[in-house]
Structures are given as C-alpha cells and as structure tokens.
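# Architecture and fold: a report
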Amino acid sequence: MERIDVALIGAGRMGQVHGPNAANHPGLRLKYVVDPRPDAAAAMASRWGAQVAELDSALADPGIGGVLICSSTDQHLGHALAAVRAGKAVFCEKPIDLDLDKVRKAEPEFAGARFLLGFNRRFDPHFQALKRRLEAGEAGNLESLQLVNHDPAAPPPGFIPTSGGLFKDFTIHDLDLARWLLGEEPSEVFSSASCLVDPEIGRLGDVDTARTLLKTPTGKLCVISNTRRSGYGYDQRIEAYGSKGMLTAANVHANTVVTLNEQGVDAAPIHPNFAERYRAAYAGQLDHFAQVLHGRATAQAGYADGVAALVLAEACQESVRTGAPVRL
Ligand SMILES: NC(=O)c1ccc[n+]([C@@H]2O[C@H](COP(=O)([O-])OP(=O)(O)OC[C@H]3O[C@@H](n4cnc5c(N)ncnc54)[C@H](O)[C@@H]3O)[C@@H](O)[C@H]2O)c1
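Residues numbered from 1 in each chain as written. Predicted model: local features only at pLDDT ≥ 70, side-chain atom pairs only at ≥ 80, totals over all residues. Heavy atoms only, no water.

## Some words on the domain arrangement of the protein
Our working definition: In this entry, domain limits derive from an automatic or database-based domain assignment. Note on contacts: a residue pair is in contact if any heavy atoms of the two residues lie within 4.5 Å. Buried area: the sum, over both parts, of the accessible surface (1.4 Å probe) that disappears when the two are put together.
The domain boundaries assigned to the protein delineate domain 1 (4–120 + 282–302) and domain 2 (122–277 + 309–327). Summarising the inter-unit geometry, the C-alpha centres of domain 1 and domain 2 are found 26 Å apart. Taken together, the contacts link 20 residues of domain 1 with 17 residues of domain 2. Buried area between domain 1 and domain 2, both sides added, is near 1700 Å², and the carbon and sulfur share of it is 64%.

## Things to note about the site of the ligand
Let me state the cut-off plainly: The rule for a residue being near a molecule or strand is that one of its heavy atoms must lie within 4 Å of it. For this analysis, a polar contact is any N or O atom pair within 3.5 Å, provided that within protein one partner can donate a hydrogen and the other can accept it, and provided that sequence-adjacent residues contribute only side-chain to side-chain pairs. Per-residue accessibility takes into account occlusion by the displayed protein chains alone, with areas from the Shrake-Rupley method and a 1.4 Å probe. We count a stretch as a helix when DSSP gives it H or I for four or more residues in a row; a strand needs E for two or more, and each element gets its number in order from the N terminus. Nonpolar residues are Ala, Val, Leu, Ile, Met, Phe, Trp, Tyr, Cys and Pro. Charged residues are Asp, Glu, Lys and Arg, and all others, Gly as well, are polar.
Inspection of the region around the ligand gives 26 residues, with Arg 13, Asp 35, Arg 37, Thr 73 and Tyr 282 positioned closest. Note that an oxygen atom of the ligand is positioned 2.8 Å from one of the side-chain N or O atoms of Arg 13. In the model, an oxygen atom of the ligand is placed 2.6 Å from a nitrogen or oxygen of the Asp 35 side chain. In the complex, the protein chains occlude 82% of the 860 Å² of accessible area that the ligand would expose alone. Of all the secondary structure elements, the ones that give two or more residues to the shell around the ligand are α4 (76–85) and α8 (165–182). Classifying every residue of the shell around the ligand gives 9 nonpolar, 11 polar and 6 charged.

## Some details on unusual backbone geometry
Going from Lys 94 to Pro 95, the amide bond is cis rather than trans, its omega being -20°. Its location among the elements puts Pro 95 in the loop between β5 (89–92) and α5 (100–106).

## Thoughts on the UniProt feature "domain: GFO/IDH/MocA-like oxidoreductase" (unreviewed entry) in the protein
Cut-off, in case you're wondering: UniProt positions are given in the numbering used here, feature names are shortened, and annotations may be inferred rather than shown by experiment.
When the UniProt feature table is mapped onto this chain, "domain: GFO/IDH/MocA-like oxidoreductase" (unreviewed entry) is found at residues 127–247. Helix makes up 30% of residues 127–247 and strand makes up 33%, while its end C-alpha atoms are separated by 10 Å.

## Considerations on a nonpolar patch on the surface
Defined as follows: Exposure above 30% relative accessible area and the absence of a salt bridge qualify a residue for a patch, where like charges join within 9 Å and nonpolar side chains (Val, Leu, Ile, Met, Phe, Trp, Tyr) within 5 Å. By convention in these notes, a salt bridge is any Lys or Arg side-chain nitrogen within 4 Å of a carboxyl oxygen on Asp or Glu.
Taken together, the side chains of Phe 190, Leu 213 and Leu 221 define a hydrophobic patch exposed on the protein surface, amounting to about 210 Å² of accessible area. By the element assignment, Leu 221 lies in strand β10 (residues 221–227).

## Quick look at the UniProt feature "domain: Gfo/Idh/MocA-like oxidoreductase N-terminal" (unreviewed entry) in the protein
Here, UniProt's "domain: Gfo/Idh/MocA-like oxidoreductase N-terminal" (unreviewed entry) annotation points to residues 5–104. The span residues 5–104 is 42% helical and 24% strand by assignment, and the distance between its end C-alpha atoms comes to 30 Å.

## A look at the pattern of salt bridges
For the coordinates displayed, the defined rule picks out 22 salt bridges. Among the ionic contacts, a cluster of salt bridges with common partners joins Arg 122, Asp 176, Arg 179, Glu 185 and Asp 305.

## Here's the deal with the sheet that holds strand β2 (residues 28–34)
Counted only if it meets this: Pairing between strands is defined by DSSP: at least two bridges between them are needed.
The 6 strands are arranged β3-β2-β1-β4-β5-β6 in an open sheet whose pairing can be described as parallel. The two strands at the open ends of the sheet, each matched to only one other strand, are β3 (51–52) and β6 (115–117). With 5 bridges connecting them, strand β1 (residues 4–9) and strand β4 (residues 64–69) associate as parallel partners. Directly across from Asp 5, in β4, lies its bridge partner Ile 64.

Listed below in structure tokens is the structure:
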C-alpha cells in the first residue's frame, strides 16, 4: 500500500496513542507533529521519524493527505475547519466542541469532507461482535440496553474546568454507543447525577456519578451508568436484551488465568485504563481512517454523529438541572 503523509496535532495522552498507530500503519507516514509544548512535540517527532512543525506550514504541505486532531477539546473545531479548508482528511478526537451552536454553525463546511470522529467504542472488537450478533437477530428484536462506563479514578481537578463536564466529556461515548446499537435516535432523555467521588469536582460545578435513561420513539430503553471512580479498573460493559435473549460484552481482564481453590475464585484484574482496554479499538479506528484517506471507505462516525451525541449530552445536562425528562 502506498503511504500517505499525515500530521499529528497535539502530542498529549491521545496523541501518544494515535501518533504511534499512524507511524506504524502500512498506509500512513507520520510526517509532522504540531504542539505548542516544544518538548512534547520534539519527543514524539524524534521517536517516530517525524518533524516538528507549525500548523499552517503542515497544512500548506500538499503532500499531507490527512491530519489527526488530538489537541485539547477547545481547539478541535478550529483545527478541523483549518484542515478541511486545506482539503485534508480529518481524524478528530471527541467531542467536536463543547458549544453546540458553534458546532451546528460549522456543519455545512463539513458536507462532503472526509471526517472521522474519535468514537473509539465503535471499533472495539468485542462491541463490534456484539453488534454483529444483535443485527443477526441472535437475541431477537432489541428492547433494552444497559451500558456501564466507569472510570477507575477521578481525574485531577485541573482537568474539570476545560473538560465540558461529565456528560460532554465522558457520557458522550455512551450516548454514541447507544445510538449505534439502538439504530434509532433517542427522543427522550432523563439524567440524575451526584457528586460522590471528589467534593472538589462539585465545587468546580461538575458531577462525578450519573445515571441516564434514553427512550426511543418505538419505546426501546437504554440505561447508562457512569462514575469517575470504580476503584477496581476501567469497567466497560454492555448488556443488550431482546425478544429472544440477551447479548453481553463483559469486562476484559489483563489475562485469562483464573484460580479456583478453597479460598474461592481469583481472576486477573480488568484493564486499568482506556489506553489498555481500547488498545485494539484505537488501532482499528486508525486503520479505518487510513481506509478513508485512501478512498476505500466512508467514515463510520462522522460530523453528524458528533452533533447528535452533543445534542444528547446537552439534554442530559438540562435534565439534571431541571430534574425532569427532556423531549427531543
Ligand atoms: N477517545 C478517547 O478514548 C479519549 C480519551 C481521552 C481523551 N480524549 C480526547 O482527546 C483530546 C485530548 O485529550 P488528552 O487527554 O490527550 O489531552 P492532553 O492535555 O494530554 O493533550 C492535549 C495536547 O494538545 C496540545 N495542544 C493544545 N493546544 C494546541 C494547539 N493549538 N495546537 C496543537 N496542539 C495543542 C497540548 O499542548 C497537549 O499536548 C480531548 O479532546 C479529549 O476529550 C479521548
């Protein structure tokens, strides 16, 4: 496969996931790293044979086919617009932006663009297998879903003010997963939330524990369970109940060895964080982006999916504020 040059924007936690995946992909070459933190940009560039660059010069290079946007959330939309205007294919981490009005206003610019949004759960092999079995009718007609998304530990308080809050930063993954599995747009949203993990999160105006109930026009129900602290690892599960049975995607353990003895049953811990739990999903997502860039696929999670998930996240916030369900 011919290799197409890409530029990485943002060499932080997610840049360190997607940058190496691009550098190692047979259809991509990581050419530039853009980050205002010179040390972070230089370390990533030298490790993966790329060059440090400014955004404008990277986008002005006609050899650059695509960009990977892994900058902080408040930068995504500006970077995506600049890249699309320069005719590049875009992979953009979630969410598109925190401001739904801005996101909607910019939407026409993305018509026809090659734009993949970072809803990585759609690329998880376990969740993909569950969806295939659901669509094959193994559990009959889907009636309800339970999604569990529990972080192992609360983020540092400094992360909270720019995160957009639990629903736009964290639940947004589950809202997209729900849309993907339900095959229908939720028409009603009810959320209840508390601050139980870290009082500092509450002082900063956010919540850390939530339950959300989605209902679709045909009556399908989805419950989403979120917390910023499990204490036992990165808890990621799906249960899908249908007219003929149930499908479940369980947690993934560090290894499959289980001891059974007089003391009981002892298994390895579940994966401790997103980078390990979704390692295969991130690689699959980057491979899909390469297929999009090479013109062999259309993006499986596009701009419209980002808008729809943001609409639901705002509805969750509104429901917590008013204590009432929100009809869409
Ligand atoms: N899909 C997932 O599983 C997942 C997980 C974590 C974070 N995220 C998302 O990824 C994004 C990045 O999160 P992170 O945890 O990597 O954050 P981070 O703070 O570790 O990294 C962000 C990087 O962007 C850089 N940056 C800031 N402004 C920039 C600019 N103008 N140009 C270029 N680079 C710039 C920062 O210097 C930093 O290195 C966030 O939007 C977050 O919501 C997604």
